[in-house]
Amino acid sequence: MSFPETMRAAFVRETGGAIEIGDLPVPRPGPTDVLVRTTASAVDRVDLFVRAGTYRTRTPFPFVLGRDLVGTVAAVGPVVDAVTVGDRVWANSLGHDGRQGAFAEYAVVAADRVYPVPDGVADTDVVAIAHTGATAWLGLVREAAVRPAETVVVGGAGGGVGSAAVQLATVAGARVIATCSPSDDAWCRSCGADVVLDYHHDDLHDRIRDAAPGGVDVWWDNSGHQDFVASLPLMRRGGRVVVSAGLGSGTHPALPVGDMYTRDVSLRGFAISNASVADLADAATGVSRILAAGRISARIGATYRLADAAAAHRALESGTVTGRIVVLP
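Below you will find a few notes about this structure. Predicted, not measured: the structure shown is a model, and the values here were computed from it.

Side chains three or four residues apart in an α-helix point the same way, a direct result of the helix having 3.6 residues per turn. The terminal C-alpha atoms of helix 8 (residues 277–292), which comprises 16 residues, lie 22 Å apart, in line with the 22 Å expected from a rise of 1.5 Å per residue. Looking only at helix 8, the buried set comprises Leu280, Ala283, Ala284, Gly286, Val287, Ser288, Ile290 and Leu291. If you follow the buried residues of helix 8, they end up packed against strand 6 (88–91), strand 8 (115–116), helix 2 (123–143) and helix 3 (160–171). Phi turns positive one or two residues past the end of helix 8, at glycine 294, with a value near 70 degrees.

Right, dumping it as structure tokens:
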């Protein structure tokens, strides 16, 4: 398949710099790479951190932004046999550790970082869940090892990762207590939450205790406002607390060590950016399976064109959009 010499892309020339829209050379795939013609991408909060330099990672300039993409394979390296030209694929680990991003008409992706798009699922639906769904999978399956009949608290459940976690916990057979703003109540219930609580209540933790009198097995606060002093005493013996948010949100309350070791509670911190290729592939397999079954979805709150990538970033920064932000080339 032939493709042009140049492509439109959204990039920065330095961390903290303005987003530019311009022409860059179409990258050429190496022996183990795939060239993907992008059909959809999405804005993730980590993209803001990478752009600003808050999340330190290798960023060869000009640096194309964007973590996630869905597209069609345009070319493959000579030793790639897992995918062929014309295949629909998705990826969720670009724009980090020296890898150029997805906000471009074409992107080079390592062949072991692309995954087949499930039949019958729209590109925008896949890209909207690519990052959040994989994060939720790694948090609940790899880190927390959630089991049927366990009680899971998901804080910030109205957000992308939070609502994906509610859905995955429900699929796993867990009982889910979600905390969110009142405007997200119906959405969280539609995701499968058994109990939905307004996180603005001063007595929120008392309400969680009432909803889980036997204790909480897994606690995952996606809002980043961890209150370990209040939450750890509510954990059941052997409980797991997952931490994957909070970068840039300041300091958190002291960690009550006594409540941890007397309950055999583990505190698991992780970032999807650190996940191995094998872990990402495992998450992709799980997410694709439940996507194909129609058991996970994401709200799409706004759609932008590539030329308006800066506006898409501003929309996420401002918090004015409810749901995922999709970018179309």
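There's plenty left to go through after this.
Residues phenylalanine 61 and proline 62 are joined by a peptide bond in cis, for which omega reads -5 degrees. Along the chain, the position of proline 62 falls in the loop between helix 1 (45–52) and strand 4 (63–64). With a phi angle near 55 degrees, aspartate 97 is a residue other than glycine that sits in the positive phi range. Looking at the secondary structure, you find aspartate 97 in the loop between strand 6 and strand 7 (106–110). Classification of aspartate 97 by relative accessible area gives partly exposed; the value is 37%. Even without being glycine, aspartate 264 reaches a positive phi, approximately 55 degrees. Position of aspartate 264 relative to the elements: it lies in the loop between helix 7 (257–261) and strand 14 (266–269).

Attention now moves to the side chain of aspartate 68. As for its placement among the helices and strands, aspartate 68 is situated in strand 5 (residues 68–76). Residue classification places aspartate 68 among the buried residues on the basis of a relative accessible area of 0%. Filtering out sequence-adjacent residues up to four positions away, aspartate 68 remains in contact with Ala40, Ser41, Ala42, Asp44, Ala91, Asn92, Ala102, Val127, Ala130, His131 and Arg324.

Covered by surrounding structure in strand 11 (residues 195–198) are Val195 and Leu197 together with Val196 and Asp198, the residues of both alternating faces. Direction of pairing for strand 10 (residues 175–180) relative to strand 11: parallel, over a ladder of four bridges. Looking at strand 11, one finds that cysteine 180 is bridged to aspartate 198. For the handedness criterion, the β-α-β arrangement of strand 10, helix 4 (residues 185–190) and strand 11 is classed as right-handed.

Turning our attention to the sheet that holds strand 12 (residues 216–221). Spatially, 11-10-9-12-13-14 is the arrangement adopted by the six strands of the open sheet, whose pairing is parallel. Whereas interior strands pair on both sides, the edge strands pair on one side only; in this sheet they are strand 11 and strand 14. Here the strands of the sheet are splayed against their neighbours by 15 degrees on average, with no regard to which way each runs.

Let us now look at the pattern of salt bridges. Enumeration over the complete set of coordinates arrives at 19 salt bridges. Of the charged contacts in the structure, one is a salt bridge between glutamate 143 and arginine 268, with a shortest N-O distance of 3.0 Å. Here arginine 268 lies in strand 14 and glutamate 143 lies in helix 2, a separation of 125 residues in the sequence. In this structure, the salt-bridge partner of aspartate 217 is arginine 236, at a minimum N-O distance of 3.1 Å. With aspartate 217 in strand 12 and arginine 236 in strand 13 (residues 235–243), this pair connects stretches of sequence that are 19 residues apart. Accessibility expressed as a relative area gives 31% for arginine 236, which makes it partly exposed. A network of salt bridges, in which partner residues are shared, links Arg142, Glu143, Arg268 and Asp279.

The biggest cluster of nonpolar side chains holds 51 residues, and the ones touching the most others in it are Trp90, Leu140, Val152, Val166 and Trp220. In terms of residues, this core owes the most to one element, helix 2, which gives nine residues.

Moving on, we come to a nonpolar patch on the surface. A contiguous nonpolar patch, built from Leu255, Val257, Tyr261 and Leu267 and spanning about 390 Å² of accessible area, is present on the exposed surface. Locating leucine 255 in the fold gives a position in the loop between strand 13 and helix 7.

Between two packed helices, the angle of one axis relative to the other and the distance separating the axes together describe the packing. One way to put it is that helix 2 packs onto helix 3 with a least axis distance of 8 Å and a crossing angle of 55 degrees. Looking at the two axes, helix 2 sits oblique to helix 3. Both helix 2 and helix 3 take part in a crossing whose hand is right-handed. Residues Ile129, Thr132, Gly133, Thr135, Ala136, Trp137 and Leu140 of helix 2 touch helix 3, and the partners they reach there are Gly160, Val161, Ala164, Ala165, Leu168 and Ala169.

Calculation criteria
Residues numbered from 1 in each chain as written. Predicted model: local features only at pLDDT ≥ 70, side-chain atom pairs only at ≥ 80, totals over all residues. Heavy atoms only, no water. Helix = DSSP H or I, 4+ residues; strand = E, 2+ residues; numbered from the N terminus. Expected span 1.5 Å × (residues − 1). Buried < 20%, exposed > 50% of the residue type's maximum accessible area, 1.4 Å probe, protein only. Contact = heavy atoms within 4.5 Å. Pairing = 2+ DSSP bridges. Right-handed = clockwise from strand over helix to strand, strands pointing away. Axes fitted to C-alpha atoms, helices over the stretch in contact; angles between N-to-C directions. Salt bridge = Lys/Arg side-chain N within 4 Å of Asp/Glu carboxyl O. Core = buried A, V, L, I, M, F, W, Y, C linked by side-chain atoms within 4.5 Å. Patch = residues over 30% accessible without salt bridge, like charges linked within 9 Å, V, L, I, M, F, W, Y side chains within 5 Å. Areas by Shrake-Rupley, 256 points an atom, 1.4 Å probe, with all protein chains shown as cover. Parallel < 35°, antiparallel > 145°, perpendicular 65-115°, else oblique. Left-handed = near helix turned anticlockwise from the far one by under 90°.

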